[in-house]
There are 2 protein chains.
Amino acid sequence: MQTIKLTIQYDGTDFNGWQIQTKQPSSRTVQFEVEKALAVLTGEMIKVTAAGRTDAGVHARGQIISFSTGSSIPVDRYPAALNGILANDIVVVNSEHVTEDFHARYWVKEKTYVYRIMNSKFPDVFNQRYVYHIRSKLDVGQMVLAARAFEGNHDFSSFCASGSSVKSFDRRITSCKIIEEKEMVTLEITADGFLYNMVRIIAGILIEVGLRKRPPADIDRIIKAKDRKAAGHTAPPHGLTLEKVYY
Amino acid sequence: MQTIKLTIQYDGTDFNGWQIQTKQPSSRTVQFEVEKALAVLTGEMIKVTAAGRTDAGVHARGQIISFSTGSSIPVDRYPAALNGILANDIVVVNSEHVTEDFHARYWVKEKTYVYRIMNSKFPDVFNQRYVYHIRSKLDVGQMVLAARAFEGNHDFSSFCASGSSVKSFDRRITSCKIIEEKEMVTLEITADGFLYNMVRIIAGILIEVGLRKRPPADIDRIIKAKDRKAAGHTAPPHGLTLEKVYY
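Residues numbered from 1 in each chain as written. Chains lettered and ligands numbered in written order. Predicted model: local features only at pLDDT ≥ 70, side-chain atom pairs only at ≥ 80, totals over all residues. Heavy atoms only, no water.

So, the environment of N94(A)
Residues and elements named next belong to chain A. Within the fold, N94 resides in strand β4 (residues 90-98). The spacing of N94 and G62 is 32 residues in sequence and 9.6 Å in space, taken between C-alpha atoms. Sequence-distant contacts of N94, that is, excluding residues within four places in its chain, are made with K5, L6, T7 and P79. At a separation of 3.3 Å, a polar atom in the side chain of N94 contacts the side chain of E96. (Helix = DSSP H or I, 4+ residues; strand = E, 2+ residues; numbered from the N terminus. Contact = heavy atoms within 4.5 Å. Polar contact = N/O pair within 3.5 Å; in protein donor to acceptor, adjacent residues only side chain to side chain.)

Set out below in structure tokens:
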């Protein structure tokens, strides 16, 4: 037996998220496609674990997955072999051995998500699958200020969609920043963990700040409220990408 | 009546090219989608003319189209109104009045096409619809040298796919250059006109030069041969974008 860790990218547009939907087994998921490709390659039914269970429409540049196999295929052959089997919207970019106790999710120290906004008169046809287009001019200076207020240890109950069954809402955001480059406004957020829809709810509030619908000072108030109703709308999934996982 | 010129972008992936296919009217074309949207907007059956009739799978960032209409809708309303009707893979980014004798194709002075190659171990899932991925290391220095040999006035018979009914194969390439930026190798080519598949045949030969399958000196020989069989394979359509049209 060997335990293998893969780094994969996917365009989430045509997937119903990472995780196999037991209630809708026919819906296309990244996990199902990867497990199917591994079955073709190794002849085994392999269950894989991912660092982050991304939602429908969310992309990944540096998703980490792991699995154990009895196959003797050399570890460095996996990327090219799997890419030959997988559809174009999933690409395996790295493979390495890990100890058998490695767990792609439990062992995560931090993850970085990026939420991309294009603030321009018209969308760009070549990035519209990966960025959220906003036509109204954003006050990016206000967004930069507001983003900083998320950094630190907080109870993020106000930023968790219902349907979650976590025990604690405490998370530590190491870095939360807004980067402006021409018409692109990018939210980059690194934390030791994320609650359900947390980045998209934070992005939604920062957009409201950028549209001057609320002041940056609102962020502290919303965090302290510990109530989902205190926060605003959830930004759409297609702007979100799981960028990097740290162990 | 007013004559209107629009600048449009499209992701060519899911289109059977620009032009309505009279033999396959049900196949999805950019022209059909634009004419359908104009019919919804104006209530008229409008025929549009494009600067370049791009092939199946080829993209456009600055395609120019023109048409005449009896509608009194103000010209500056067209982009937002059409974008509201069109699918996401076509975006209208500009509109302006032109004189009624304007012709989007006959009046073209020059056009710039770009052919994008990603030279890396693995494809990038976020640009694979728009770039041609080549795994083997390219000798870009040789490609830069070879590209220059295409510049000038030449009979480009060797670079025209069969099925074309043009009278003259003479074209003037004002600029033909290879630009390298990290893993991206981009061919940018500006000419007063292009023969059928000309850019993709040129890209195919430059790739052969990059792979050291032929020396840069071959270009002059192939041009002089005036024979399609002298040139090599045709690079795939998805790397090609009609970038800009000059009048």
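Back to the text.
Some details on the layout of surface pockets
Volume-wise, the largest pocket comes out at about 1500 Å³. Lining the largest pocket are 31 residues, with R61(A), F126(A), N127(A), F126(B) and N127(B) sitting closest to its centre. Elements with a contribution of two residues or more to the lining of the largest pocket: β5 (110-119) and β10 (240-246) of chain A together with β5 (110-119), β8 (170-181), β9 (184-191) and β10 (240-246) of chain B. When residues in the lining of the largest pocket are grouped by element, the largest group, 3 residues, is from β9(B). (1 Å grid on protein atoms, 1.4 Å probe; cavity = no way out; pocket = protein on both sides within 12 Å on 5 of 7 lines; lining within 4 Å. Points joined across faces, edges and corners; volume = space filled by probe spheres on them.)

Observations concerning the interface of chain B and chain A
Chain B puts 25 residues into the contact, and the matching count from chain A is 25 residues. Taken together, the two surfaces of chain B and chain A that pack against each other cover about 1900 Å², and 62% of this comes from carbon and sulfur. For the chain B face of the interface with chain A, the top three residues by lost area are F122(B), V125(B) and F126(B), together amounting to 37%. Counting across the interface, chain B meets chain A through 2 salt bridges. Between R61(B) and D124(A) there is a salt bridge whose closest N-O contact spans 3.5 Å. Here chain B and chain A share 5 residue pairs in polar contact (both at pLDDT 80 or more) between them. Broken down by secondary-structure element, the contributors of at least two residues to the side of chain B that touches chain A are β1 (2-10), β3 (59-69), α2 (78-85) and β4 (90-98) of chain B. Looking at the side of chain B that touches chain A, the element that brings in the most residues is β4(B), giving 4 residues. (Buried area = accessible area lost by both parts, 1.4 Å probe. Salt bridge = Lys/Arg side-chain N within 4 Å of Asp/Glu carboxyl O.)

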